[in-house]
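Summary of the model geometry
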Amino acid sequence: MRKQEAVEVVEIRKPIPVAEAVERVLSHAGKTGTETVPLEESEGRVLASPVRATHPVPPFNRSPYDGFAVRSQDTAGASGSSRVRFRVIDEIGAGTVSAKTVGEGEAVRIMTGAPVPDGADAVVMFEQTVEDGEAFTIRKPFEPLENVSLKGEDLEEGEEVVPAGSFIHAGTVAVLATFGYAEVEVAKQPTVGILATGTELVDVTEPLAPGKIRNSNSPMIAAQLRRMGIGYKLYDAQSDDLDAVAEAIESALTETDVLITTGGVSVGDFDYLPAVYGRIGADVLFNKVAMRPGSVTTVAAGSGKLLFGLSGNPSSCFTGFELFTRPALLRMMGANKPFLPHTKAVLGEDFTKANPFDRFVRAVYDGKTATPAGFNKSNAVSSIARGNALIVLPGGTRGYRAGDEVDVLLLGMEEGSAKWME
Ligand SMILES: Nc1nc2c(c(=O)[nH]1)N[C@H]1C(S)=C(S)[C@@H](COP(=O)(O)OP(=O)(O)OC[C@H]3O[C@@H](n4cnc5c(N)ncnc54)[C@H](O)[C@@H]3O)O[C@H]1N2
Ligand code: MOO
Ligand SMILES: [Mg+2]
């Protein structure tokens, strides 16, 4: 049944600019607080406090090569015709400290990573020597500190290495381990729910029937969240029934900070999300954005929770998540770079459609050129699979030509290259 039998006038929504919509969402993104996690579970999380170097790196002057530690002054004048001879007084590997002090004409056999012994100030690689029992000769002079990795050359004690709000990746983990962080203070993750609406939806495991389609939005959003390292609760999809949808949303809100719904946000007879927001007393921040796809993206806030009413159309849903949900979740976690990375690219083919609204075109970006990824309507699922970027074509423009410079948002979905560098 339709939601209303009486003659009705369709609501005319006023679109707001994308940047303003993003700003409204971010201003409602409350902080999640912090928690401590084991180092090995920290990858993908947002660092809550800065990492400072608690000691210099390297912590001591060390050898970068396998060879001999010598006094540079003793190498003066060495040449092919006048080789200088050294006597080996000790041998150390990484992890061992020599108890000896290197004196005139003496050397310590030293391996990569071992501390340069007292007295020595240069390292001669094995390949630069001719060995002869407990002695060796060299044919060139060495500068003071030649072939020495200096204490603190990588990081000075007290230096801020990684600021709070950074995304923890493998390199960050290496730094954390270097300074003995067995546990890491990170931002708590918001509890996010996913709830698809639509009488036409069947689950991915179910057969199709006339008029039905599989629910691709829920698994897609789940994957978008997993890519951000964020967990989620996946709720059963709901038919377009106002009471059922309202109940499911109210119930989900008791256990989530952020609820992402898909479908039912436009002006159709069975689009019940606007009515649900009214029923639960949520404040609608906007329900029309001057963009395509995703113009009907709706965001509401209430009781400290954020409700993302993403469009049912797959490309609109995907884009709404990337443009609004993603930065909001990152802002909640205190991330200092919540927006998608962007760059300039050369448009790979003509795009002649006029743009009344900002257009976000699913595209393949290869580091230089961005080419639309095929069928690019709001209902497309193909171009979200094929694309790895969004070309941004500003509203009010009349179309673009191949070779034009365009802005591109990068989705972090780059694949490897089929060939080694050319
Ligand atoms: N008279 C108007 N009609 C429409 C307008 C408008 O302004 N005036 N806006 C259009 C735009 S733009 C979009 S986008 C869609 C948005 O629709 P809804 O967000 O209300 O979503 P639904 O109506 O529920 O579904 C739209 C479309 O997407 C398919 N769908 C829904 N859920 C899923 C899912 N989980 N997985 C895959 N596909 C899904 C659904 O079957 C529909 O085909 O409204 C336009 N109409
Ligand atoms: O919201 Mo719609 O995606 O603009 O086609
Ligand atoms: Mg609809």
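Residues numbered from 1 in each chain as written. Chains lettered and ligands numbered in written order. Predicted model: local features only at pLDDT ≥ 70, side-chain atom pairs only at ≥ 80, totals over all residues. Heavy atoms only, no water.

So, the overall build of the chain
Heads up, the rule is: In this text, helices come from DSSP runs of H or I with a minimum length of four residues, and strands from runs of E with a minimum of two, each type numbered from the N-terminal end. Each radius of gyration reported is based on C-alpha atoms, and the globular scaling rule is 2.2 Å times the count of residues to the power 0.38. Note on exposure labels: buried denotes an accessible area under 20% of the residue type's maximum, exposed denotes more than 50%, and partly exposed covers the range between, all computed with a 1.4 Å probe on protein chains only.
Check the secondary structure of the chain and you find seven helices and 24 strands. In terms of overall dimensions, the chain is more spread out than a globule: its C-alpha atoms have a radius of gyration of 31 Å, far above the 22 Å expected for 422 residues. The principal-axis extent of the C-alpha atoms belonging to the chain is close to 105 × 50 × 40 Å. Looking at the chain as a whole, 45% of its 422 residues qualify as buried.

A short note on the environment of Val9
Among the structural elements, Val9 can be located in the segment before α1 (18–27). Separated by 402 residues in the primary sequence, Val9 and Leu411 place their C-alpha atoms 39 Å from one another.

Quick word on the site of ligand 2
Formally: The near set for a molecule or strand comprises every residue that places at least one heavy atom within 4 Å of it. We define a polar contact as two N or O atoms separated by no more than 3.5 Å, with the added condition that, inside protein, one atom must be a possible hydrogen donor and the other a possible acceptor, whereas residues neighbouring each other in sequence contribute only through side-chain atom pairs.
Neighbouring ligand 2 are Met291, Arg292, Pro293, Gly294, Ser295, Val296, Ser316 and Ser378. One nitrogen or oxygen atom from the main chain of Gly294 is found 2.6 Å from an oxygen atom belonging to ligand 2.

Points about the pairing of strand β18 (residues 298–302)
Heads up, the condition is: Strands are treated as partners if at least two bridges between them are detected by DSSP.
Of all five residues in β18, four are buried, a share of seventy percent or more. One ladder, built from five bridges, connects β18 with strand β19 (residues 305–310); its direction is antiparallel. Opposite Gly302, over in β19, you have Lys305 as the bridge partner.

A look at helix α3 (residues 217–227)
To keep things clear, this is the line we draw: Residue contacts are counted whenever heavy atoms from the two residues lie within 4.5 Å of one another.
Restricting attention to buried positions, one finds in α3 the residues Asn217, Ser218, Met220, Ile221, Ala222, Gln224 and Leu225. Here the buried face of α3 lies against β11 (192–196), β14 (233–234), β15 (258–262), β19, α6 (314–332) and α7 (382–386). One or two steps after α3, the chain reaches Gly229, where phi turns positive at roughly 75°.

Structural notes on the site of ligand 1
This is how it is decided: Here, Shrake-Rupley sampling with a 1.4 Å probe gives the accessible areas, and only protein chains in the shown set may cover a residue. Residues are grouped as follows: nonpolar covers Ala, Val, Leu, Ile, Met, Phe, Trp, Tyr, Cys and Pro; charged covers Asp, Glu, Lys and Arg; every other residue, Gly included, is treated as polar.
Around ligand 1, the structure places 24 residues, and the nearest of them are Glu200, Asn215, Gly264, Ser266 and Gly312. At 3.1 Å from a nitrogen atom of ligand 1 is found a main-chain nitrogen or oxygen belonging to Ser216. In this structure, an oxygen atom belonging to ligand 1 sits 3.1 Å away from a side-chain N or O atom of Asp271. Protein contact buries 70% of the 870 Å² of open area that ligand 1 shows by itself. Per-class residue counts for the shell around ligand 1 are six nonpolar, 13 polar and five charged.

Digging into the packing of aromatic side chains
The criterion, for reference: Paired rings are identified among Phe, Tyr and Trp, the last through its six-membered ring, by centres lying within 6.5 Å, and are further divided according to the angle between planes into stacked (under 30 degrees), edge-to-face (over 60) and tilted (the rest).
Applying the stated criterion across every chain yields a total of four aromatic pairs. Here Phe286 and Phe324 contribute two aromatic rings whose centre-to-centre distance is 5.6 Å and whose plane-to-plane angle is 50°, an arrangement assigned as tilted. Residue Phe286 is found in strand β16 (residues 283–286), and its partner Phe324 is found in helix α6; the two are separated by 38 residues along the sequence. The exposure classification of Phe286 matches that of Phe324, with both residues buried. The rings of Phe68, Phe86, Phe126 and Phe136 are connected pair by pair, giving a single aromatic cluster.

Let's talk about the nonpolar core
In plain terms, the rule: Throughout this description, the term nonpolar core refers to a set of buried Ala, Val, Leu, Ile, Met, Phe, Trp, Tyr and Cys residues connected via side-chain atoms within 4.5 Å. Domain start and end points were adopted from an automatic or database domain assignment.
Membership of the largest hydrophobic core comes to 46 residues, with the highest contact counts inside it found for Leu225, Ile260, Phe286, Leu306, Phe308, Phe324 and Leu329. With nine residues, the single largest contributor to this core is α6. Shared between two domains, this core takes at least three residues from each, and those domains are domain 1 (2–32 + 189–332) and domain 4 (342–421). If we skip the residues at most four places from it in the chain, Ile260 touches Val192, Gly193, Ile194, Leu195, Ile221, Leu225, Phe308, Leu310, Phe321 and Thr325. Among the nonpolar cores identified, the runner-up in size contains 17 residues, and Val245, Ala246, Ile249 and Leu273 belong to it.

Focus: helix α5 (residues 273–280)
The test is simple: The directions considered for the arc run from the helix axis to the C-beta atoms.
Turning to α5, its buried residues are Leu273, Val276 and Tyr277. Down the axis of α5, the sector holding all buried residues measures 100°, keeping them to one side. The secondary structure elements touched by the buried residues of α5 are α4 (242–253), β15, β16, β18 and β19. Looking one or two residues beyond α5, the residue adopting positive phi is Gly281, at roughly 75°.

Here's the deal with the sheet that holds β19
The strand order across the open sheet formed by six strands is β14-β11-β15-β19-β18-β16, and the pairing between neighbours is mixed. With partners counted over all chains shown, the strands left at the sheet margins are β14 and β16, one partner each. Both β11 and β15 contribute to a ladder of five bridges, which runs parallel. The residue bridging Val192 from the neighbouring strand is Val258, located in β15.

Describing the coordination of the magnesium ion (ligand 3)
Rules: Coordination partners: N, O, S within 2.8 Å of the metal, 3.2 Å for Na, K and Ca; water not considered, so apparent gaps in a site are possible.
Only Asp271 (OD) and Asp271 (OD) from the protein reach the magnesium ion (ligand 3) as donors, at distances of 2.3 to 2.4 Å. In this structure, Asp271 sits in the loop between β15 and α5.

Overview of the domain arrangement of the chain
For the chain, the assigned domains are domain 1 (2–32 + 189–332), domain 2 (35–57 + 154–187), domain 3 (67–138) and domain 4 (342–421). Of note, the centres of domain 1 and domain 3, computed from C-alpha atoms alone, are 69 Å apart.

Comments concerning the sheet that holds strand β3 (residues 67–70)
What counts, and what does not: The axes are straight lines fitted to the C-alpha atoms, using for helices just the contacting stretch, and the angles between their N-to-C directions are given from 0 to 180°.
Within the open sheet, the six strands sit side by side as β6-β3-β5-β4-β8-β7. Their pairing is mixed. Because the sheet does not close on itself, it has two edges, and the strands there are β6 (122–125) and β7 (129–132). Averaged over all pairs of adjacent strands, the angle between their axes in this sheet comes to 35°, without regard to strand direction. Of the strand pairs in this sheet, strand β4 (residues 84–92) and strand β8 (residues 135–138) are connected by four bridges, and their pairing is antiparallel. In the sheet register, Phe86 faces β8, and the bridge partner there is Phe136.

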